[in-house]
Amino acid sequence: MLPTLPMGTIVTVCMLIGLLVATPYALKKQLKPLPGAVANIVGCIVLLGGAWNTFWHGIQNLTNSWGLAAFFSGLFMMLTGLYILRFDALPASLQKIRTLVLLGLLAWFLVYAIKIASL
C-alpha cells in the first residue's frame, strides 16, 4: 500500500516546481526553454495542481483561511502553468504581469512551506 501525502504538501511541491521552471525565463530572456515534452509535463502539473487548489479545495472552503489561501494560490499556480505552457499565446496584459504573478506564487509557496514545516 502506498503512503498518502497530504494535499497541502503536494500543492506546495507543485508551487516550487512552477517557480523553479518559470522564474529563470522571466529573469533572463536569453535562456533556451526546456525541451517541449518536459515543459508540457511541468506546465500541466502546475496548472492541474492550481486548478485542484482553486476549484476543488478553495471553492468548497471559502469560509476559512486555508480555503481562501487555496483559492488564491491556485489562481497564481494556474497562471504560472500557462506561462510555462504557452506564454506567447497569452494576452499581452497577462504577459506583462508575469513578474508579479511569480512573486505572488513565491509568497504563497512561503506561506504553505512555513506552515507545513511548523506542523
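For the structure itself, consult the block above.
In what follows, the accompanying structure is described. Here the structure is a predicted model, which is why all the values come from computation and not from measurement. (Residues numbered from 1 in each chain as written. Predicted model: local features only at pLDDT ≥ 70, side-chain atom pairs only at ≥ 80, totals over all residues. Heavy atoms only, no water.)

1. With respect to the packing of helix α1 (residues 7-27) against helix α5 (residues 98-118)
Helices that pack against each other are described as a pair by the angle of their axes relative to one another and the distance between those axes. Across the interface, α1 lies against α5 with an axial gap of 9 Å and an inter-helix angle of 150°. At the point where α1 passes α5, the crossing takes the left-handed sense. When α1 is examined against α5, the residues Gly8, Thr9, Val11, Thr12, Met15, Leu16, Leu19, Ala22, Thr23, Tyr25 and Ala26 are found in contact with a partner set consisting of Arg98, Leu102, Leu105, Leu106, Trp108, Phe109, Tyr112, Ala113 and Ile116. (Axes fitted to C-alpha atoms, helices over the stretch in contact; angles between N-to-C directions. Helix = DSSP H or I, 4+ residues; strand = E, 2+ residues; numbered from the N terminus. Left-handed = near helix turned anticlockwise from the far one by under 90°. Contact = heavy atoms within 4.5 Å.)

2. Some details on the environment of Leu68
When you line up the elements, Leu68 lands in helix α3 (residues 65-86). Residues Leu68 and His57, 11 residues apart in the sequence, show an inter-C-alpha distance of 9.1 Å. Non-local contacts of Leu68, meaning those with residues more than four positions away in its chain, are made with Asn61 and Leu62.

3. Notes on the packing of aromatic side chains
For the structure on display, the rule yields three aromatic pairs. Look at Trp66 and Tyr112: their rings are 5.2 Å apart centre to centre, the planes differ by 85°, and that puts the pair in the edge-to-face class. With Trp66 in helix α3 and Tyr112 in helix α5, this residue pair connects regions lying 46 residues apart in the sequence. The class for Trp66 is partly exposed, based on a relative accessible area of 34%. A relative accessible area of 6% places Tyr112 in the buried class. Seen from their ring centres, Phe71 and Phe72 are 5.1 Å apart, and the 90° between their planes marks the pair as edge-to-face. A residue is classified by how much of its surface remains accessible, and Phe72, at 38% relative accessible area, is partly exposed. (Phe/Tyr/Trp six-rings, centres within 6.5 Å; stacked < 30°, edge-to-face > 60°. Buried < 20%, exposed > 50% of the residue type's maximum accessible area, 1.4 Å probe, protein only.)

4. Structural notes on a nonpolar patch on the surface
Together, Phe55, Ile59, Leu62, Leu68, Phe72 and Leu75 make up a nonpolar patch on the protein surface, roughly 520 Å² of accessible area in all. For the nonpolar patch, the elements supplying multiple residues, two or more each, are α2 (36-60) and α3. Here the nonpolar patch gets three residues from one element, more than from any other, and that element is α3. Relative to the helices and strands, Phe72 is located in helix α3. (Patch = residues over 30% accessible without salt bridge, like charges linked within 9 Å, V, L, I, M, F, W, Y side chains within 5 Å. Areas by Shrake-Rupley, 256 points an atom, 1.4 Å probe, with all protein chains shown as cover. Salt bridge = Lys/Arg side-chain N within 4 Å of Asp/Glu carboxyl O.)

5. A few points about the nonpolar core
Membership of the largest hydrophobic core comes to 18 residues, with the highest contact counts inside it found for Met15, Met77, Ile84 and Tyr112. Counting residues per element, the ones that place at least two in this core are α1, α2, α3 and α5. Ranked by residues supplied to this core, first place goes to α1 with seven residues. (Core = buried A, V, L, I, M, F, W, Y, C linked by side-chain atoms within 4.5 Å.)

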